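# Observations on the model geometry
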Amino acid sequence: MKSVTIQQPEKLVIEERSAPQPLPGEVRIRVTCAGICGSDVHIYRGHNPFAKYPRVIGHEFFGLIDAVGEGVEKSRIGERVVGDPVVSCGHCYPCAVGRPNVCAELQVIGVHRDGGFSEYVTLPAKNAHVVPDSIPDNEATMVEPFTIAANICSQMKPGPLDTVLIYGAGPMGLTSIQVLRGVYGVKEIIVADRIDERLSMAKANGADRVINNANSDLKTELDALGIRPTLIIDAACHPSILPEAISLASPAARIGIMGFSSEACVISQQAITSKELTIFSSRLNSNRFPLVISWMTERKIQPEKLITHQFPYTQVLDAMELFEKDQKQCCKVLLKF
Ligand code: NAI
Ligand code: MN
Ligand code: ZN
């Protein structure tokens, strides 16, 4: 089989490998479509602290089950499935309390073990989620990015009284907008980004108001509009954002972060406690695939709006470069196998 492998930082090759055999309890997927994510680029560039090389990247993938390991029903062969990249042990404390996404022995497919930018990938049978025929292949490939938004929203419990501020209108910000609008029905969604084209995408995905904060102070802009966000999601993840979010939040607001920067930022107890703010963090997803698939079935979210480009996997280098360099035009780039 052909696999997109990062042999070492900055060295991406399409390799001939032997197709993996599913272990007991696993299935094998014949991948037909996969999505490029920022973290794939980070592994390629050597900026992901969790990655080990060589690595087949890709954690957003869709295909058909073509083989099953011992103990898995043969009837699963032929199922159309998306893969949940979160592989967990099932018995540690986080697993026991329903948070396998931070399992003590977490293995993320495409990061800690070989991923879905490959003609075949193996994974635990329970990680392969059946997709109804009403959801086309490309949209099914978008389930994983929406699980990130589903996960942070499940924690933050948005509601009709919420005025939401989202930092960043990349794939993470845009999926969050769609979920907040289509599933949770919040009162108002304001989005801040540095790039006008991305703010246009935010509007097309359901934002009520957009603010370009490249050359302006967001707090001043919001104060002038009389807006105090009650729910803030940082989907841009610069370390300067959390202190700003704390300062512009309404009393009793919730703030959600999902960044991985190791850079420090300065926040004070007073700024948080005086308004009794709640700060959530969210990593990957804890069993949110069935939920997102149901949202797609019910058309509460429109994954097709995020797909801007498709390439055959043989052009993966062009695809990765476009994704990395052209934030104005690109949102989700898919690879076809
Ligand atoms: P992206 O890079 O495509 O989008 C980020 C957007 O934020 C860009 O449009 C950029 O212009 C904007 N931005 C940067 N600084 C800003 C600021 N100060 N104010 C307003 N906007 C600003 O990235 P993507 O794929 O949407 O992911 C966003 C972040 O989420 C990344 O840092 C990524 O590491 C993180 N992430 C976290 C996950 C988790 O499970 N916790 C999962 C996936 C991504
Ligand atoms: Mn992703
Ligand atoms: Zn565990």
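Residues numbered from 1 in each chain as written. Chains lettered and ligands numbered in written order. Predicted model: local features only at pLDDT ≥ 70, side-chain atom pairs only at ≥ 80, totals over all residues. Heavy atoms only, no water.

### Some thoughts on the packing of helix 1 (residues 38–45) against helix 11 (residues 316–325)
Remark: helix 1 packs on helix 11, axes separated minimally by 10 Å, with the N-to-C direction vectors making an angle of 110 degrees. The angle between helix 1 and helix 11 places the two elements in the roughly perpendicular class. Where helix 1 abuts helix 11, its residues Gly38, Asp40, Val41, Tyr44 and Arg45 lie against Leu317, Met320, Phe323 and Glu324. Per-class residue counts for the contact of helix 1 with helix 11 are five nonpolar, one polar and three charged. (Axes fitted to C-alpha atoms, helices over the stretch in contact; angles between N-to-C directions. Helix = DSSP H or I, 4+ residues; strand = E, 2+ residues; numbered from the N terminus. Parallel < 35°, antiparallel > 145°, perpendicular 65-115°, else oblique. Contact = heavy atoms within 4.5 Å. Nonpolar A, V, L, I, M, F, W, Y, C, P; charged D, E, K, R; others polar.)

### Points about helix 4 (residues 143–156)
Given a rise of 1.5 Å per residue, 14 residues ought to cover 20 Å, and the 20 Å separating the end C-alpha atoms of helix 4 matches this to within 8%. Across the 14 residues that make up helix 4, a large majority, 13, are buried. Within two residues after helix 4, Lys157 carries a phi angle of roughly 50 degrees, on the positive side. (Expected span 1.5 Å × (residues − 1). Buried < 20%, exposed > 50% of the residue type's maximum accessible area, 1.4 Å probe, protein only.)

### Digging into the site of ligand 1
Around ligand 1, the structure places 22 residues, and the nearest of them are Met172, Asp193, Arg198, Ser282 and Leu284. A distance of 2.9 Å separates an oxygen atom of ligand 1 from a polar backbone atom of Met172. Asn213 places a polar side-chain atom, nitrogen or oxygen, 3.0 Å from a nitrogen atom of ligand 1. Alone, ligand 1 offers 860 Å² of accessible surface; in the complex the protein occludes 82% of this. When residues of the shell around ligand 1 are traced back to their parent elements, those giving at least two are helix 5 (171–184) and strand 12 (188–193). Residue composition of the shell around ligand 1, grouped by class: 13 nonpolar, five polar and four charged. (Near = heavy atom within 4 Å. Polar contact = N/O pair within 3.5 Å; in protein donor to acceptor, adjacent residues only side chain to side chain. Areas by Shrake-Rupley, 256 points an atom, 1.4 Å probe, with all protein chains shown as cover.)

### Let's talk about the domain arrangement of the chain
Domain boundaries assigned for the chain yield domain 1 (2–130 + 302–336) and domain 2 (147–281). Distance between the C-alpha centres of domain 1 and domain 2: 28 Å. Interface area for domain 1 against domain 2, summed over the two sides, is near 1000 Å², with a carbon-plus-sulfur share of 57%. Three residues, Leu306, Gln327 and Lys328, lead the burial of domain 1 against domain 2; their summed loss comes to 45% of the area buried on that side. Seen at the junction of domain 1 and domain 2, the total is zero salt bridges. (Domains from an automatic or database assignment. Buried area = accessible area lost by both parts, 1.4 Å probe. Salt bridge = Lys/Arg side-chain N within 4 Å of Asp/Glu carboxyl O.)

### Overview of the coordination of the zinc ion (ligand 3)
Coordination of the zinc ion (ligand 3) by the protein involves Cys89 (SG), Cys92 (SG), Cys95 (SG) and Cys103 (SG), with metal-donor separations of 2.3 to 2.4 Å. Here the zinc ion (ligand 3) binds four donor atoms, and the angle range of 103 to 119 degrees at the metal identifies the geometry as tetrahedral. Read N to C, the donor residues that coordinate the zinc ion (ligand 3) are spaced as C-x2-C-x2-C-x7-C. Using a relative accessible area of 6% as the deciding quantity, one classes Cys103 as buried. (Donors = N, O, S within 2.8 Å, 3.2 Å for Na, K, Ca; no water. Tetrahedral: all angles 85-135°; square planar, octahedral: opposite > 155°, others 65-115°.)

### What about the environment of Glu139?
Considering the arrangement of structural elements, one finds Glu139 in helix 3 (residues 137–140). Using a relative accessible area of 15% as the deciding quantity, one classes Glu139 as buried. In the structure, Glu139 is positioned 47 residues away from Val186 in sequence and 24 Å away in space, judged by C-alpha atoms. Leave out the neighbours within four places in its chain, and Glu139 touches Met296, Arg299, Pro303, Glu304 and Ile307.

### Remarks on the nonpolar core
Counting residues in each nonpolar core, the largest one holds 45 residues, and the members touching the most others are Ile166, Val191 and Ile233. Every element with two or more residues in this core is listed here: helix 4, strand 11 (163–167), helix 5, strand 12, helix 6 (196–204), strand 14 (231–234) and helix 10 (289–297). The dominant element in this core, judged by the number of residues it contributes, is helix 4, at eight residues. No fewer than three residues from each of domain 1 (2–130 + 302–336) and domain 2 (147–281) sit in this core. Residues contacting Ile166, with those up to four places away along its chain left out, are Gly173, Ser176, Ile177, Leu180, Ile189, Ile190, Val191, Ala192, Ile233 and Ala235. Among the nonpolar cores identified, the runner-up in size contains 43 residues, and Ala125, Ala319, Met320 and Val333 belong to it. (Core = buried A, V, L, I, M, F, W, Y, C linked by side-chain atoms within 4.5 Å.)

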